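An overview of the molecular structure
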Amino acid sequence: MVSRSYSNLLELASGESPSFGTMNRRIPRIMTVAGLISDVDDDPADSVCSDPSSSSVHRDRIIIVANQLPIRVQRKPDGNRNWLFTWDDNSLLLQLKDGLGDDDTEVIYVGCLKEEVHPNEQDEVSQILLETFKCVPTFLPPDLFTRYYHGFCKQQLWPLFHYMLPLSPDLGGRFNRSLWQAYVSVNKIFADRIMEVINPEDDYVWIHDYHLMVLPTFLRKRFNRVKLGFFLHSPFPSSEIYKTLPIREELLRALLNSDLIGFHTFDYARHFLSCCGRMLGLTYESKRGYIGIEYYGRTVSIKILPVGIHLGQLQSVLSMSKTEEKVSELITQFTDEGKIMLLGVDDMDIFKGISLKLLAMEQLLIQHPEWQGKVVLVQIANPARGRGKDVKEVQAETKATAKRINETFGKPGYDPVILIEEPLRFYERVAYYVVAECCLVTAVRDGMNLIPYEYIISRQGNDGLDKVLGVASSPKKSMLVVSEFIGCSPSLSGAIRVNPWNIDAVADAMDSALEMADSEKQLRHEKHYRYVSTHDVGYWARSFLQDLERTCGDHVRRRWWGIGFGLSFRVVALDPNFRKLSMEHIVSAYKRTTTRAILLDYDGTLIPQASIDKSPTSNSIKMLNSLCRDKDNMVFLVSARSRKRLAEWFSPCESLVIAAEHGYFLRLKRDAEWETCGPAIDCSWKQIAEPVMKLYTETTDGSTIEDKETALVWCYEDADPDFGSCQAKELLDHLESVLANEPVTVKSGQNNVEVIPQGVSKGLVAKRLLSMMHEKGMSPDFVLCIGDDRSDEDMFEVITTSMAGSSATPRAEVFACTVGKKPSKAKYYLDDTAEIVRLVHGLASVSEQKVLL
C-alpha cells in the first residue's frame, strides 16, 4: 500500500484496478481512508486492450464522467439512514442526455455526490443509484475532497485558467505538491470506478472539465483502445500563462491520451495547440475541416463547439403559471412605474466583473442624467461555487458599490441598483429575463456563460407571456451587452461587445442599448434566436459524440503499445504491418545474405537533430568503415548536406558511397570524382529566391539561410516555433509564386523550407544506386534503408517496390526503417538515433568477425 508520503507519483500513476465487471454486478465502495491509494500495479508492457470477445454490450453506451453527479441528495426527514435522490434538472450532464434523444443509447454517470455519505452507507447508496439512476458515485474522504477540489482545482487550476498568476500569496494559490498529489489521487479513484462498469471495446467515455484532466492517462493505461473524449468547460490560457504551471507537461500529456478534446472557442483551442507545440514539440494540421495533432501514431482530434442550452426545459419553465405570475409582478414593479430594467446574472466570484458592471452603471447615470430615475440595474448574484478570501472581498466590494450608487442617485421609490443575493428559483430568474430590456454579461474571463442564451429564448417567450406583457404577436426584441472575454461572445454577433475593464465603453454600450431603435433590436434578436434555438445542448452533444465516433473508427484495426511510466504514459498506435525492427531478425538476415545494399540518411539518423555539433563521431566513422570493409556490402550515405561538407566529414571512409544534396552529386569512393545524377543545372533562380529568403531571415529571429551548390535552404530551427512555422508557410507560398516558371521545387521539411532542382530526390538516387548494383551483376539479396524525415520517404517507397523489380532478387530481405513511431512508408521503425547506431554497430560487429575469420 502506497502512503501519501510517496514522492514521485510513479506508483500512483501506474496503479491498476484488480478487476472490472458488467453493469449487473454490485459495485463496492473504494478508498475510504484519506490519502491512501490502491497498491495494485502492473508493467507498462502488460498494458494492452482487453479481449474484444469479452464485451457483452450490444447497444451504444456512453459513460459520462464529471466532478459531480446530476443528482440532488437529501436525507429523509425522519433522521434515519435512508436518503432521497432526485435528478438535478439544472445539471448540464442530465440536459446532455435529454438532448441526445436516443432511447437506444444507454448513459452511465460517474461522479461525486454533493453530500457526504458515511462509509457504512456507501454500498447501499451505490446500489440504489446504479439501479435507479444508472449513476456510479465516487466517494471521497472529506479531507481528500477538500485538498482536491477547494485546494488544487479552485485555488490553483481555476485561477490560472482564468489568467490569474499567483504573483503573491493573495493572488491565487502558489503551487502545492501535496494538493497536486491529492488531485492525482482523486483522478485515480475516478478511474477505478469507471473500470468497474466499462466494457472497453464498446463503451464511449466522455470526461468533463478541469477537475479530471489526468483521468485520460489512467484509463488509457488500463485499456489502450478505450474510446475517450474530453471537454474543457473553462478557458484554456495562453502559453505564456500556462507554462508557469510546474506540472504543465503532465497535464498536456494526460489530455493527449484522449481521442477527442473539445473547447468552446477557437481561442481556447489555439492556446492549447500552441502549448503542445511549444512544450512538447507537437504540430497540428487541419484536414477537411478537422484539426488533429499527431501523437505517437495517434491522431488526437480537436473539437471547437460552444455548448448550448436545454431548449425544451427552458420553454417548459416559460409556460409555467408561476412564471407568468412572477412576470406580472415585475411588470407592476418596473414597467408600470415607468422604469426600464437592465439585468445582470452572475456568480459571486472575482472573474464575473460584477463591480465593474456597477461602476459602468454609475458612469451611465453621470454621463446621461436623463436616465436617472428611469433605468434600474437588477443584479442577481448567485452564491459562489468556491470559497475563500477572494469571495468575501468581492461580496464586500459589490455591496459597498451598490450602496454608494443608491445613496448618490437614489430617491424615494427609486434605487438605481437592486442587488439580489438570496438564491432564486429558476422560474423567478426566467421572469427577470422576460422583463429585462437588456442583459449585461461583463465577466473579465469566463469559459462559456449561458446567461445570454437563456435571456434570448426567454425574450422570445410564448403566447401566454405575450398576453401578460400586452405585446400580442408583435416581433420580439432583445439587447445584449457582452464581454469580449467570455466563450459565448463569438457566437453572438448581434450583441454589443465590450472590454469590461473600460468603464466608459461599457457605459456607452448601455446607453446605445437603451437608445437603439426597436427595429434594430428585433433584427438582432431574430439573428440570435435562430442560432441559439438550433445550437442547443442536444446539437452540441450529438456533434461531439459523432466526432468521437469518427476519431475512434480505426481503433480496432491498429496495433497498440503502452510506453512510459507514471503520468508520462502514452500509447503508440500503428498500422498492423508497421513494427519495431528486431536486432535478432535483421542480424539473422544479414548473416545469411551475400550481396547487401545499405542506405543511410545522416541528420536525424546517425546524428540527433538536436545535436549542436553535427560532425560524425569517431565511433560512427569506425562503424561505417567496418561495414565498408565487408566485400559483400555496398554502403551508401544519402544526405541533403553539401558535397563539400560530407567529403570533409567522411574523408576517413575510403569505400563509402556518398550522395550529396538529395542525390544530385554522387561519389562512389573517396578517390573518385563527383558525378552528377542529372543534367547540368542553371542556378540563376537563386538570384530570385535568395532576396526573398533574406527578407524572411531579417524578420524572423533565429532563422538562417544555407546556400548549397544546387539548393537554397531557409532554416528556422532556432526561431520561435509558432512564428517560425507561420513564416515558413508564408515563405513557401511566396517562393512558389516567384519561382513558378523556374525548373525547381519548393519543399517544406523539418524546420526548414528548401528549394531544390526539379527531378532531384533521394528516391531517384536510391533507384539509381540499386540499378547500378544490378548492372554490375550484384543484385542485392539484402537491402537496408534508414531515414527520419519526409525526404527519406521517397527512398522507402523505392526500395519497398524494388522487390518486384529487376534491381533486387525475388526473395531479397528488404528493411525500410524510419526513426520514431510515426506514419511512414517504411515497414519498420526504431525509437531514436541511439537505437539506429546500436543496430548499425551490431551489423558492423558481424562484418568485423567475418573479416577476422
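Per the secondary structure count, the chain includes 27 helices and 32 strands. When the 853 residues of the chain are sorted by exposure, 56% land in the buried category. The long-range fraction of contacts in the chain, counting pairs at least 24 apart against all pairs at least 6 apart in sequence, stands at 73%. Within the structure as shown, the chain displays about 36000 Å² of accessible surface, and the carbon and sulfur contribution to it stands at 49%. Of the charged side chains in the chain, 98 are positive and 115 negative, and the gap between their average positions amounts to 3 Å.

Now for the sheet that holds strand S13 (residues 375-382). Judged by pairing direction, the sheet is parallel, and its six strands sit side by side in the order S14-S13-S12-S15-S16-S17 without closing on themselves. Looking at strand neighbours, the two that pair on one side only are strand S14 (417-420) and strand S17 (496-498), the edges of this open sheet. On average, each strand axis in the sheet is inclined to that of its neighbour by 20 degrees, with strand direction left out of account. The sheet contact formed by strand S15 (residues 438-441) and strand S16 (residues 480-483) spans three bridges and is parallel. Bridge pairing in S16 links Val 441 to Val 482.

A large share of helix H6 (residues 215-222) lies buried, amounting to seven of its eight residues. Buried residues of H6: Leu 215, Pro 216, Thr 217, Phe 218, Leu 219, Arg 220 and Lys 221, and no others.

This part takes up the nonpolar core. Judged by nonpolar contacts, the single largest core of 183 residues is most densely connected at Val 65, Leu 113, Tyr 183, Phe 236, Leu 251, Leu 256 and Phe 272. Here this core gets 11 residues from one element, more than from any other, and that element is helix H5 (residues 177-195). The residues contacting Phe 236, other than those within four sequence positions of it, are Phe 161, Tyr 163, Tyr 242, Leu 252, Phe 263, Tyr 268, His 271, Phe 272 and Cys 275. Grouped together as the second largest cluster of nonpolar side chains are 41 residues, Cys 628, Ile 658, Phe 665 and Leu 843 included.

What follows is about the pattern of salt bridges. Counted by the stated rule, this structure contains 44 salt bridges. In this structure, Glu 106 and Lys 134 form a salt bridge, with 3.4 Å as the shortest nitrogen-oxygen distance. Of this pair, Glu 106 sits in strand S4 (residues 106-112) while Lys 134 sits in the loop between helix H3 (122-133) and strand S5 (135-137), and the two are 28 residues apart along the sequence. Among the residues examined, Glu 106 registers a relative accessible area of 12% and is labelled buried. Classification of Lys 134 by relative accessible area gives partly exposed; the value is 32%. One salt bridge connects Arg 643 with Glu 709, and the closest N-O pair in it is separated by 2.5 Å. Here Glu 709 lies in the loop between strand S26 (704-707) and strand S27 (712-715) and Arg 643 lies in helix H22 (residues 643-649), a separation of 66 residues in the sequence. Accessibility expressed as a relative area gives 37% for Glu 709, which makes it partly exposed. Shared partners join several salt bridges into a network, and the residues in it are Glu 437, Arg 459, Lys 477, Asp 518 and Lys 521.

What follows concerns the packing of helix H23 (residues 686-699) against helix H24 (residues 721-738). Packing of H23 against H24 leaves a shortest axis separation of 11 Å and a crossing angle of 160 degrees. Comparing the axis directions of H23 and H24 gives the class roughly antiparallel. In the packing of H23 onto H24, the handedness of the crossing is right-handed. Contact residues: H23 offers Ile 688, Ala 689, Val 692, Met 693, Tyr 696 and Thr 699, while H24 offers Phe 723, Gln 727, Glu 730, Leu 731, His 734, Leu 735 and Val 738. Of the residues that constitute the contact of H23 with H24, the class distribution is nine nonpolar, three polar and one charged.

A few words now on unusual backbone geometry. You will see that Asp 209, though not glycine, has its phi angle at about 75 degrees, which is positive. Inspection of the secondary structure puts Asp 209 in the loop between strand S6 (204-208) and H6. Positive phi is not limited to glycine here, since His 662 has a value of about 60 degrees. Here His 662 lies in the loop between strand S23 (657-660) and strand S24 (665-667).

Below, the discussion takes up the packing of helix H11 (residues 321-333) against helix H14 (residues 426-435). Running from amino to carboxyl end, H11 crosses H14 at an angle of 50 degrees, the nearest separation of the two axes being 9 Å. In terms of axis orientation, H11 runs oblique to H14. Along this stretch, H11 crosses H14, giving a crossing that reads as right-handed. Facing H11, whose interface residues are Lys 322, Thr 323, Lys 326, Val 327, Leu 330 and Ile 331, H14 presents Tyr 427, Glu 428, Val 430, Ala 431, Tyr 432, Val 434 and Val 435. Class assignment of the residues belonging to the contact of H11 with H14 gives a composition of nine nonpolar, one polar and three charged.

Let us now look at the sheet that holds strand S31 (residues 813-819). Strand order in the open sheet made by the nine strands is S20-S32-S31-S30-S21-S22-S23-S24-S25, with mixed pairing throughout. Strands at the two margins of the open sheet, each flanked by one partner only, are strand S20 (579-580) and strand S25 (675-676). Where helix H21 (residues 618-629) meets the sheet, its contacts fall on strand S21 (596-600) and strand S22 (633-638), and the angle it forms with S22 comes to roughly 140 degrees. Most of the contacts of helix H25 (residues 762-775) go to S22, to which it runs at about 165 degrees, and overall it touches S21, S22, S23, S24 and S25.

Bringing the pairing of strand S1 (residues 61-68) into the picture now. Of all eight residues that make up S1, seven are buried, and the element is covered over most of its length. One ladder, built from six bridges, connects S1 with S4; its direction is parallel. The residue of S4 that forms the bridge with Ile 64 is Tyr 109. Note: S1 against S6, four bridges, orientation parallel. In the strand pairing of S6, Ile 62 is matched with Tyr 204.

Moving on: the side chain of His 310. Relative to the helices and strands, His 310 is located in the loop between strand S11 (298-304) and helix H10 (311-318). Exposure remark for His 310: the relative accessible area of 18% places this residue in the buried category.

The next subject is the confidence of the model for the chain. In this model, the chain carries an average pLDDT of 87, and 90% of its residues clear a pLDDT of 70 or more. A low-confidence stretch, residues 1-58 stays under pLDDT 50, and its non-local contacts, those more than four residues away or across chains, total 139 contacts.

To continue, consider the pairing of strand S12 (residues 340-347). In terms of burial, S12 is a largely internal element, seven of the eight residues being buried. Bridge analysis of S12 against S13 gives eight bridges, and the strand direction is parallel. Bridged to Leu 342 within S13 is Leu 377. A crossover links S12 with its parallel partner S13, the connecting element being helix H12 (residues 354-367), and its sense is right-handed. Across two bridges, S12 lies against S15 in parallel orientation. Looking at the pairing, Leu 343 lines up with Cys 439 of S15.

Reading the values: rules and limits
Along every chain, residues carry numbers that run from 1 in the direction the sequence is written. Given that this is a predicted model, residues contribute local features only at a pLDDT of at least 70 and side-chain atom pairs are listed and counted only at 80 or more, while totals for whole chains, interfaces and linings are drawn from all residues. Excluding hydrogens and water, the side-chain values take into account all heavy atoms of the structure. Here a strand is any run of E in DSSP of at least two residues, a helix any run of H or I of at least four, and the numbering for each starts at the N terminus. Only protein chains enter the accessibility calculation, which uses a 1.4 Å probe. A residue is then buried if its area is under 20% of the maximum for its type, exposed if over 50%, and partly exposed in between. Contacts are residue-level and defined by heavy atoms, with any inter-residue pair within 4.5 Å sufficient. Throughout, the Shrake-Rupley method with a 1.4 Å probe supplies accessible areas, and for residues the shown protein chains are the sole cover considered. Neither His nor the chain ends is counted toward charge; the positive residues are Lys and Arg and the negative residues Asp and Glu. Just so you know, the charge point we use is NZ for Lys, CZ for Arg, CG for Asp and CD for Glu. Paired strands, in this sense, are two strands between which DSSP finds at least two bridges. Angular values range over 0 to 180 degrees, each being the angle between N-to-C directions of two axes fitted as lines to C-alpha atoms, with helices fitted over their stretch in contact. The nonpolar core is taken to be a set of buried Ala, Val, Leu, Ile, Met, Phe, Trp, Tyr and Cys residues, with the residues joined through side-chain atoms within 4.5 Å. Salt-bridge detection follows one rule: a side-chain nitrogen of Lys or Arg within 4 Å of a carboxyl oxygen of Asp or Glu. Here the word oblique covers every angle except those under 35 degrees (roughly parallel), over 145 (roughly antiparallel) and from 65 to 115 (roughly perpendicular). When the near helix sits turned anticlockwise from the far one by under a right angle, the crossing is termed left-handed; a clockwise turn instead gives a right-handed crossing. Classification used: nonpolar for Ala, Val, Leu, Ile, Met, Phe, Trp, Tyr, Cys and Pro, charged for Asp, Glu, Lys and Arg, polar for all others including Gly. Every residue is assigned a pLDDT by the predictor, reflecting its confidence on a scale from 0 to 100. Convention used here: a crossover is right-handed provided that the path from the first strand, over the helix, to the second strand proceeds clockwise when the strands point away from the viewer.

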